[in-house]
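Here is how the chains run, residue by residue.
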Amino acid sequence: MSDVVIYADGACRGNPGPGGWGVWLKSGEHEKEMFGGERLTTNNRMELTAVIEALAVLKQRCVVTVYTDSQYVRQGITSWIHNWKARGWRTADKQPVKNVELWQRLDGLNAAHDVTWKWVKGHSGDPGNEKADALANRGVDSVTRGT
């Protein structure tokens, strides 16, 4: 299996507002940058979309390390999701899980690979996180400026 490192980030200008996601993937000597955006979204949706888009491009089962500055994503996929699924995608207070369609997609992609989830402090100078952040902002620009 290939080893892949993913740095993923989301950005939103207003919450909700125009948002973007950015991903930097590395495997050996190979690198790939990806970004995209939506005109009206939330920061959490963009954080989720970033990791979904990254894992979705992998064409075979891989050993993956995902770096994210989102505790929502890391905690959600490593901890909270188990109880959400057991409760029929409901929270502890019996409310529907927000962004359920994204969580369900991420759950499937997570199961398709051997993924380790790592949290990195945002805006702290980590080169991978800074690159993913810049790509996420390009994603926002792509829907606000048409570039």
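In this report, we go over the structure that sits alongside the text. Note that the coordinates shown come from a computational prediction; the quantities given were computed from them, not determined experimentally.

**Observations regarding the side chain of threonine 49**
Phase 1: In this fold, threonine 49 is placed in helix α1 (residues 43-56).
Phase 2: With relative accessibility at 9%, the residue threonine 49 sits in the buried group.
Phase 3: In this view, threonine 49 contacts Trp21 and Leu102; residues no more than four positions away in its chain are not counted.

**Some thoughts on the nonpolar core**
Phase 1: Core analysis: the biggest nonpolar cluster contains 31 residues, and Ile6, Val23, Leu55, Val64, Trp103, Leu106 and Trp117 have the highest contact counts within it.
Phase 2: Elements with a minimum of two residues in this core: β1 (2-12), β2 (17-27), α1, β4 (62-68), α2 (71-86), α3 (100-111) and β5 (114-119).
Phase 3: At seven residues, α1 tops the list of elements feeding residues into this core.
Phase 4: Not counting residues within four places of it along the chain, the set of residues in contact with tryptophan 103 comprises Leu48, Tyr72, Val73, Gly76, Ile77, Ile81, Trp84, Trp89, Val97 and Lys98.

**A look at the sheet that holds β2**
Phase 1: Overall, mixed pairing links the five strands, which are arranged β3-β2-β1-β4-β5 in an open sheet. Two strands in the sheet have a free side with no partner beyond their single neighbour: β3 (30-41) and β5. Taking each pair of neighbouring strands and ignoring which way they run, the sheet shows an average axis angle of 20°.
Phase 2: Contacts from α2 reach β4 and β5, with the element oriented near 140° to β5.

**Side note on the pattern of salt bridges**
Phase 1: Under the counting rule described, the total for this entry stands at five salt bridges.
Phase 2: Here arginine 45 ties to glutamate 101 by a salt bridge, and the two come within 2.7 Å at their closest N and O atoms. Separated by 56 residues along the polypeptide, arginine 45 in helix α1 and glutamate 101 in helix α3 bring together distant segments of the chain.
Phase 3: You can call glutamate 101 partly exposed: its relative accessible area is 41%.
Phase 4: For arginine 145, the salt bridge identified is with aspartate 141, shortest N-O distance 3.6 Å.

**Structural notes on the pairing of β3**
Phase 1: As judged from the ten bridges shared by β2 and β3, these two strands associate in the antiparallel manner. Paired with glycine 17 across the strands is threonine 41, a residue of β3.
Phase 2: Taken together, β2 and the strand that follows it, β3, pair antiparallel across an intervening segment of two residues, in which glycine 28 is found at a positive phi of about 60°.

**What to know about the environment of threonine 42**
Phase 1: Mapped onto the elements of the fold, threonine 42 is located in the loop between β3 and α1.
Phase 2: For the pair threonine 42 and lysine 94, spaced 52 residues apart in sequence, the C-alpha separation works out to 22 Å.
Phase 3: Side-chain polar atoms of threonine 42 contact the backbone nitrogen of arginine 45, separated by 3.2 Å.

**Some thoughts on the packing of aromatic side chains**
Phase 1: For the structure on display, the rule yields five aromatic pairs.
Phase 2: With a centroid separation of 5.9 Å and an interplanar angle of 25°, the aromatic rings of tyrosine 7 and tryptophan 24 are classed as stacked. Remark: tryptophan 24 occurs in strand β2 and tyrosine 7 occurs in strand β1; sequence separation between them is 17 residues. Here the two residues tyrosine 7 and tryptophan 24 agree in accessibility, since each one is buried.
Phase 3: Ring geometry for tryptophan 80 against tryptophan 84: centres 6.1 Å apart, planes inclined by 55°, an arrangement best described as tilted. On the criterion of helical spacing, the pair formed by tryptophan 80 and tryptophan 84 is a turn pair, its members being four residues apart in helix α2.
Phase 4: A relative accessible area of 35% means that tryptophan 80 is categorised as partly exposed.
Phase 5: Among the aromatic residues, those joined into a cluster by ring pairs are Tyr72, Trp80, Trp84 and Trp103.
Phase 6: The side chain of lysine 131 reaches across the aromatic face of tryptophan 24, ending 4.8 Å from its centre.

Cut-offs applied
Residues numbered from 1 in each chain as written. Predicted model: local features only at pLDDT ≥ 70, side-chain atom pairs only at ≥ 80, totals over all residues. Heavy atoms only, no water. Helix = DSSP H or I, 4+ residues; strand = E, 2+ residues; numbered from the N terminus. Buried < 20%, exposed > 50% of the residue type's maximum accessible area, 1.4 Å probe, protein only. Contact = heavy atoms within 4.5 Å. Core = buried A, V, L, I, M, F, W, Y, C linked by side-chain atoms within 4.5 Å. Pairing = 2+ DSSP bridges. Axes fitted to C-alpha atoms, helices over the stretch in contact; angles between N-to-C directions. Salt bridge = Lys/Arg side-chain N within 4 Å of Asp/Glu carboxyl O. Polar contact = N/O pair within 3.5 Å; in protein donor to acceptor, adjacent residues only side chain to side chain. Phe/Tyr/Trp six-rings, centres within 6.5 Å; stacked < 30°, edge-to-face > 60°. Lys NZ or Arg CZ within 6 Å of the ring centre and 35° of its normal.

Nothing here speaks to function; it is all geometry.
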